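# Examining the three-dimensional arrangement
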Amino acid sequence: MAFIELRAFASLQSLFNERGLSIPTNMEIPDEGTTALALADRLNIPHEKIEAVFINGISHNLNHPIKPGDRVALVPPGLPSIYRVHLGFYSKDNRK
């Protein structure tokens, strides 16, 4: 097993706080096969509460593989459009 550094933004920060998770939090993951959706399942976060994931500072779809040592940030829906464009996930279907 290995670890990632996991962060949450906006409304997801409140969810982390409610569950006693620090931001960032170090999370143990298996060596292979972890995705943002798999992390959501482990943390009991409904998939519709996550719109984008940043892995090492780059926006990826929610099924992109996460590797040990990665820095991961979960982003909820509802960010204003200018931020969406600037962050690279405007008009992007992140579920594919």
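Before reading on, note that the structure itself is shown above.
What comes next is a walk through the structure. Quick caveat: nothing in here was measured; it's all calculated off a predicted structure.

With that settled, consider the pattern of salt bridges. All chains considered together, the criterion is met by one salt bridge. Here Glu 5 makes a salt bridge to Arg 7, at a shortest N to O gap of 3.1 Å. Assessed through its relative accessible area of 24%, Glu 5 is described here as partly exposed. Owing to a relative accessible area of 33%, Arg 7 belongs among the partly exposed residues under this scheme.

Attention now moves to helix H1 (residues 11-18). Burial in H1 covers these residues: Leu 12, Leu 15 and Phe 16. Projected down its long axis, H1 shows its buried positions confined to an angular sector of 100°, all on one face. Opposite the buried face of H1, at more than 90 degrees from it, the exposed residues are Asn 17 and Glu 18. In this structure, the buried side of H1 is in contact with strand E1 (2-8), strand E2 (25-29) and strand E5 (71-75). Once H1 finishes, Gly 20 follows within two positions and takes phi at roughly 75°, a positive value.

So, about the side chain of Thr 25. Assignment of secondary structure puts Thr 25 in strand E2. Looking at Thr 25, the relative accessible area reads 11%, which means it is buried. If near-sequence neighbours (up to four positions away) are discounted, Thr 25 is found in contact with Ile 4, Glu 5, Leu 6 and Phe 16.

Now for the sheet that holds E2. The strand order across the open sheet formed by five strands is E2-E1-E5-E3-E4, and the pairing between neighbours is mixed. Edge positions in the sheet fall to E2 and strand E4 (58-60), since each of these pairs with one other strand and no more. On average, each strand axis in the sheet is inclined to that of its neighbour by 35°, with strand direction left out of account. Of the pairings in the sheet, the one linking strand E3 (residues 52-55) to E5 comprises four bridges and is antiparallel in character. When the bridges of E5 are listed, Ala 52 appears paired with Val 75. Together, E1, E2 and E5 form the strand contacts of H1, whose direction differs from that of E1 by roughly 120°.

Criteria and thresholds
Residues numbered from 1 in each chain as written. Predicted model: local features only at pLDDT ≥ 70, side-chain atom pairs only at ≥ 80, totals over all residues. Heavy atoms only, no water. Salt bridge = Lys/Arg side-chain N within 4 Å of Asp/Glu carboxyl O. Buried < 20%, exposed > 50% of the residue type's maximum accessible area, 1.4 Å probe, protein only. Helix = DSSP H or I, 4+ residues; strand = E, 2+ residues; numbered from the N terminus. Arc of directions from axis to C-beta. Contact = heavy atoms within 4.5 Å. Pairing = 2+ DSSP bridges. Axes fitted to C-alpha atoms, helices over the stretch in contact; angles between N-to-C directions.

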